[in-house]
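Inside the fold
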Amino acid sequence: MKDMKIDVLLGLQWGDEGKGKVVDVLTPGYDVVARFQGGPNAGHTLSFNGEKYILRSIPSGIFQGEKINIIGNGVVLDPLLFKEETENLARSGHDITRRLYISKKAHLILPTHRILDAAYEAAKGNSKIGTTGKGIGPAYTDKVGRNGLRIGDLFHGFDKKYAETKRHHETILRGLHFDYDIAALEARWFDALEYLKKFSIIDSEHKINRLLAEGKSILAEGAQGTMLDIDFGSYPFVTSSNTVCAGCCTGLGVAPRNIGEVYGIFKAYCTRVGSGPFPTELTDATGDALCERGNEFGSVTGRRRRCGWIDLVALKYAVMINGVTRLIMMKSDVLDPFETIKACVAYRIDGEETTEFPFDISEAADVQPVYVELPGWQTDMTGMKSENEFPEEFNAYLSFLEEELGVPVVIVSIGPDREQTIIRDGE
């Protein structure tokens with residue numbers, strides 16, 4: 001049997017694009033959904049049947065029948081938050097014990113990683129990155145520094161390895177003069193560690209490649225967004241992993257030749273949470289309106305997201321880096337009442353215009369967005385069932401984006417519910 005390809009679904013902006021909903025919508029066409037990077041700061045929100053669910057570490061395909069769900073080696077997992085997440089799902093009638101597989105090579109977020117996260121942020125003063133404080137960055141730091149603990153270590157001398165790592169962290173914390181009390185958190189963490197052992201902990205790279213060889217269809221799910229990638233994002237205001245398509249290969253153990261379609265998700269406008277540069281940010285009434293209409297508050301942190309017009313310089317860059325083959329536009333309905341829609345098509349830096357994403361977009365670089373204006377559609381699209389109902393002005397906006405980005409928009413979201421998803425003709 002011919003090997004199948006693994007399709008990849010990832011965010012093209014600064015995260016929070018709505019990947020969870022799209023994975024849930026696409027899952028019926030796949031046998032397997034796998035998460036390839038990130039930690040529990042990435043809250044994927046799904047809404048259906050009048051209920052709202054927030055997933056931190058568990059793949060978003062968990063709600064679709066008997067699909068196989070895999071947490072890959074590129075993920076960092078906090079047993080305590082994982083236990084909370086799975087127990088919440090169980091209370092709502094979703095028992096995932098049989099359908100979830102976890103990579104032995106995924107790294108653990110330790111209690112001291114959370115403390116280190118807080119200590120590092122405190123030490124930065126006014127230069128804070130704006131992390132969620134979940135210990136994700138320090139866990140990835142230990143992974144790269146070859147000091148990390150993997151889930152597979154639970155079965156290979158774990159107690160000794162844990163004690164050594166904890167001592168190493170405590171030495172760092174003493175040097176930072178950071179006060180903390182870890183006893184209660186550590187006790188709960190070890191309890192959650194025993195809970196974690198109830199799940200199928202596997203050599204996930206072998207499992208995934210066997211499934212591909214058997215002809216199974218796989219959808220790989222990314223977390224955060226391209227502009228938060230550790231290499232290609234707005235460094236240092238980025239996450240600690242590779243959020244781009246290449247991260248699927250290293251985060252699941254699949255060869256580049258096995259990558260099929262690359263779905264890129266973006267909002268009809270732009271948002272960012274936490275600190276860091278954001279060239280199209282709006283700090284006026286329009287920005288407030290986008291925030292309120294889009295309910296732009298973090299699903300895990302509750303933090304208000306910064307809002308602005310769509311940034312096509314950054315979006316074209318993300319399409320290029322990921323090799324995107326199909327685009328999915330989210331939250332189109334948020335723009336429904338606007339008389340005029342703006343889109344950033346270039347940056348002005350030191351008096352010169354560029355359409356290429358530069359090395360530095362910080363405030364010091366003084367990046368000024370260059371906008372084009374398009375007419376708004378001023379129509380409520382939330383109840384539409386087909387693209388045949390789209391207003392002329394909205395179709396013009398879609399055509400403009402497709403021409404600028406060079407990739408077709410195949411799915412349009414017009415609301416938070418699973419049913420408010422329009423798959424365009426020919427798809």
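The numbering scheme is per chain: residues are counted from 1 as the chain's sequence reads. Only residues with pLDDT of at least 70 are given local features in this predicted model, and only at 80 or more are side-chain atom pairs given and counted; all residues enter the totals for whole chains, interfaces and linings. To obtain the side-chain values, all non-hydrogen atoms of the structure were included, while hydrogens and water were left out.

**Things to note about the sheet that holds strand β5 (residues 68-71)**
Strand order in the open sheet formed by ten strands is β9-β7-β5-β2-β10-β1-β11-β15-β19-β20, and the pairing between neighbours is mixed. Taken across any chain shown, the strands that pair with only one partner, and hence form the sheet edges, are β9 (200-202) and β20 (421-423). Direction aside, the axes of adjacent strands within the sheet are offset by 20° on average. Across three bridges, the pairing between β5 and strand β7 (residues 100-103) is parallel. Across the sheet, residue N69 finds its bridge partner in β7, namely L100. In short, DSSP must find at least two bridges between two strands for them to pair. Counting from the N terminus, the helices are DSSP H or I runs at least four residues long and the strands are E runs at least two residues long. Here an angle of 0 to 180 degrees is reported between the N-to-C directions of two axes, which are lines fitted to C-alpha atoms, with helices fitted over the stretch in contact.

**Here's the deal with helix α10 (residues 312-322)**
When you tally the buried positions in α10, you get eight out of eleven residues, the bulk of the element. Burial classes follow relative accessibility: with a 1.4 Å probe on protein chains only, a residue under 20% of its type's maximum area counts as buried, one over 50% as exposed, and anything between as partly exposed. Restricting attention to buried positions, one finds in α10 the residues L312, V313, A314, L315, Y317, A318, V319 and N322. Counting of polar contacts relies on pairs of N or O atoms within 3.5 Å, with two restrictions inside protein: one atom must be capable of donating a hydrogen and the other of accepting it, and residues adjacent in sequence are counted only when both atoms are side-chain atoms. At the N-terminal boundary of α10, the capping side chain belongs to D311, with an oxygen 3.1 Å from the backbone nitrogen of V313.

**Focus on the packing of aromatic side chains**
Two descriptors summarise a pair of aromatic rings, namely the distance from one centre to the other and the angle between the planes of the rings. Two aromatic rings, drawn from Phe, Tyr or Trp (for Trp, its six-membered ring), form a pair once their centres lie within 6.5 Å of each other, and the interplanar angle then sorts them: stacked below 30 degrees, edge-to-face above 60, tilted otherwise. Going through the model one piece at a time under the given rule, you end up with 14 aromatic pairs. Here the aromatic rings of Y162 and F190 are separated by 4.9 Å at their centres, their planes lie at 75°, and the arrangement is edge-to-face. Note that Y162 is positioned in helix α5 (residues 158-176) and F190 in helix α6 (residues 183-196), a separation of 28 residues in sequence. Between Y317 and F357, the ring centres sit 4.9 Å apart and the planes meet at 25°, which makes this aromatic pair stacked. On the criterion of sequence distance, the pair formed by Y317 in helix α10 and F357 in the loop between β17 (352-354) and β18 (368-375) is long-range, its members being 40 residues apart. Residues Y317 and F357 agree in their burial class; the two are buried.

**Some thoughts on the packing of helix α2 (residues 79-91) against α6**
Two numbers describe how α2 lies on α6: the axes approach to 8 Å, and their chain directions differ by 60°. By the criterion of interaxial angle, the relationship of α2 to α6 is oblique. By crossing handedness, the relation of α2 to α6 is classed as left-handed. Counting all contacts with α2, which are made through P79, L80, F82, K83, E84, T86 and E87, the residues of α6 involved are L185, R188, W189, D191, A192, L193, Y195 and L196. Among the residues making up the contact of α2 with α6, the classes are represented as nine nonpolar, one polar and five charged. For this classification, under 35 degrees means roughly parallel, over 145 means roughly antiparallel, 65 to 115 means roughly perpendicular, and everything else is oblique. Here a crossing is called left-handed whenever its near helix is offset anticlockwise from the far helix by less than a right angle, and right-handed whenever the offset is clockwise. Contacts were defined at the residue level, with two residues in contact if any of their heavy atoms lie within 4.5 Å. Under the scheme applied here, ten amino acids are nonpolar (Ala, Val, Leu, Ile, Met, Phe, Trp, Tyr, Cys and Pro), four are charged (Asp, Glu, Lys and Arg), and all others, including Gly, are polar.

**Some remarks on the pairing of strand β19 (residues 409-413)**
Looking along a regular strand, one sees the side chains alternate between the two faces of the sheet. For β19, the buried fraction is high: five of the five residues fall into the buried class. The pairing of β19 with β20 spans three bridges and is antiparallel. Bridge assignment links I411 to a residue of β20, and that residue is I423.

**A word on the packing of helix α3 (residues 111-124) against α5**
What describes two packed helices is the angle between their axes and the distance between those same axes. Where α3 contacts α5, the axes come no closer than 10 Å and their chain directions differ by 20°. One way to sum up the angle between α3 and α5 is to call them roughly parallel. Handedness of the α3/α5 crossing: left-handed. The segment α3 lies against α5, with P111, T112, H113, I115, L116, A119, Y120 and A123 engaging Y162, K166, H169, I172, L173 and L176. Broken down by class, the residue content of the contact of α3 with α5 amounts to ten nonpolar, three polar and one charged.

**Let's talk about the side chain of S103**
Tracing the backbone shows S103 in strand β7. A relative accessible area of 0% means that S103 is categorised as buried. Only 3.0 Å separates the side chain of S103 from the backbone nitrogen of K105, close enough to count as a polar contact. One polar contact links S103 to S204, side chain to side chain, over a distance of 2.9 Å. Leaving out residues up to four positions away in the same chain, S103 has contacts with I71, G72, N73, I151, I202 and S204.

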